Amino acid sequence: MKRKTIRIILFIFGGILGALVLYKLYLNYLPELKLVFHFDHRNEELLIKMVRSHGIEDLAFLFVLNAICVAIPGLSNGIFCVLNGVLYGPAIGFIVNWVSDILGQVILMELLRKLYDINHISHSKIYKLLSTQKYPMIALTIGYLIPFIPSATVSYVNVMINKSSRKNQLIPIIIGVAPFAYLYAYGGDSILHLDSARIIKSIIWIIVIAVLAVAILLIMREIKKRTKKA
């Protein structure tokens, strides 16, 4: 079977599985959604108690959903990372986001290794930016840190740079996905508590970290260029 056909089948399968999990979560949280749609500040404590009363089953569903969205190129898990913060608070939400992100990235690398051709990604500007750095492990870590860089591209660079070491593949993932895994969970918890100051703080931190990460990558590339010329 051709690689393209397998990719399409996996994409459809992942989409169907994700939709089923999402629908199951919708049914489980339907009472809370009805309360949100008819929200009254007098019901705020009741809403928070209801939202946070769900057990391990829903936690497992969200874990799987988050990992699927990371593992399938083209999908984004940001909204589910925020949802984990809403449902489980900043601490547990962070752990779910972080571990499922790592698992999703590992699965994604395996899919990229077996089903994708390097020529389809090697012309990407992001690929060139990450793969030509003097310190590739730092560049990879920063690449995983930036939410608007496609994780498939970063993961392919990771596979190419660390072909013979699974440990080295994991290090930039573990470090790189952690900050936003927490910020999304923190922001989600702020949304549930209707804390506008914390929501604004989360958004500002997300923007600042993303801008700084891009700036560091560009500075590192410029330093390498000047070192070569010298």
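Residues numbered from 1 in each chain as written. Predicted model: local features only at pLDDT ≥ 70, side-chain atom pairs only at ≥ 80, totals over all residues. Heavy atoms only, no water.

Trainee: For this particular structure, what's the right way to read the overall build of the protein?
Mentor: A count of helical and extended segments in the protein gives 11 helices and 0 strands. Secondary structure elements of the protein occur, N-terminal to C-terminal, as α-α-α-α-α-α-α-α-α-α-α. Looking at the protein residue by residue over its 230 residues, the buried ones come to 42%. Here the analysis covers contacts within the protein between residues at least 6 apart in sequence; of these, 74% occur between residues at least 24 apart. Surface exposure of the protein reaches about 12900 Å², of which carbon and sulfur atoms provide 71%. (Helix = DSSP H or I, 4+ residues; strand = E, 2+ residues; numbered from the N terminus. Buried < 20%, exposed > 50% of the residue type's maximum accessible area, 1.4 Å probe, protein only. Contact = heavy atoms within 4.5 Å. Areas by Shrake-Rupley, 256 points an atom, 1.4 Å probe, with all protein chains shown as cover.)

Trainee: What is the right way to read the side chain of Asn 97 from this model?
Mentor: You can see Asn 97 is positioned in helix H5 (residues 78–115). Setting aside anything within four residues of it in sequence, one finds Asn 97 in contact with Asn 66, Phe 80, Cys 81, Asn 84, Ala 181, Tyr 184 and Ala 185.

Trainee: Got a minute to help me understand the packing of H5 against helix H8 (residues 151–161) in this structure?
Mentor: Pairs of packed helices are described in terms of their axes, by the angle between the two and the distance that separates them. It is at 9 Å that the axes of H5 and H8 come closest, and there the two elements cross at 70°. The orientation of H5 relative to H8 falls into the category roughly perpendicular. Contacts between H5 and H8 involve Gln 105, Leu 108, Met 109, Leu 112 and Arg 113 from the former and Ser 151, Ala 152, Ser 155, Tyr 156, Asn 158 and Val 159 from the latter. For the contact of H5 with H8, the residue count by class is 6 nonpolar, 4 polar and 1 charged. (Axes fitted to C-alpha atoms, helices over the stretch in contact; angles between N-to-C directions. Parallel < 35°, antiparallel > 145°, perpendicular 65-115°, else oblique. Nonpolar A, V, L, I, M, F, W, Y, C, P; charged D, E, K, R; others polar.)

Trainee: How do you make sense of the nonpolar core when you look at a structure like this?
Mentor: In a soluble, globular protein the nonpolar side chains are often hidden away together inside. Membership of the largest hydrophobic core comes to 26 residues, with the highest contact counts inside it found for Phe 180 and Leu 217. Elements with a minimum of two residues in this core: H5, helix H6 (125–131), helix H7 (136–145), H8, helix H10 (178–192) and helix H11 (196–229). When near neighbours in sequence (up to four residues on either side) are disregarded, Phe 180 contacts Leu 145, Pro 147, Ile 206, Ile 209 and Ala 210. (Core = buried A, V, L, I, M, F, W, Y, C linked by side-chain atoms within 4.5 Å.)

Trainee: Where do I start with the packing of aromatic side chains in this structure?
Mentor: What characterises a pair of aromatic rings is the spacing of the ring centres plus the angle enclosed by the ring planes. In the structure shown here, the tally under the stated rule is 5 aromatic pairs. With 6.0 Å between their ring centres and 75° between their planes, Phe 94 and Tyr 182 make a pair best called edge-to-face. Highlighted residues: Phe 94 in helix H5 and Tyr 182 in helix H10, separated in sequence by 88 residues. Look at Phe 180 and Tyr 184: their rings are 5.9 Å apart centre to centre, the planes differ by 45°, and that puts the pair in the tilted class. Taken as a pair, Phe 180 and Tyr 184 lie in helix H10 at a separation of 4 residues, close to a single helical turn. The same class applies to Phe 180 as to Tyr 184, namely buried. (Phe/Tyr/Trp six-rings, centres within 6.5 Å; stacked < 30°, edge-to-face > 60°.)

Trainee: Would you explain helix H4 (residues 56–71) in this entry?
Mentor: For an α-helix, 3.6 residues make a turn, and residues three or four places apart therefore share a direction. Over its 16 residues, H4 runs 22 Å from end to end, which matches the ideal 22 Å to within 8%, given 1.5 Å per residue. Within the sequence span of H4, burial applies to Asp 58, Leu 59, Leu 62, Leu 65, Asn 66, Ala 67, Ile 68, Cys 69, Val 70 and Ala 71. (Expected span 1.5 Å × (residues − 1).)

Trainee: Would you mind showing me how to read the pattern of salt bridges here?
Mentor: Any two side chains of opposite charge can pair, given that their charged atoms come close. Considering all chains together, one arrives at 2 salt bridges under this definition. Here Glu 110 and Arg 166 are joined by a salt bridge, their closest N and O atoms 3.1 Å apart. Pair noted here: Glu 110 is in helix H5 and Arg 166 is in helix H9 (residues 166–176), with a separation of 56 residues, a long-range link. Put simply, Asp 189 and Arg 198 hold a salt bridge, and the shortest N to O gap is 2.9 Å. For Asp 189, a relative accessible area of 5% puts it in the buried group. (Salt bridge = Lys/Arg side-chain N within 4 Å of Asp/Glu carboxyl O.)

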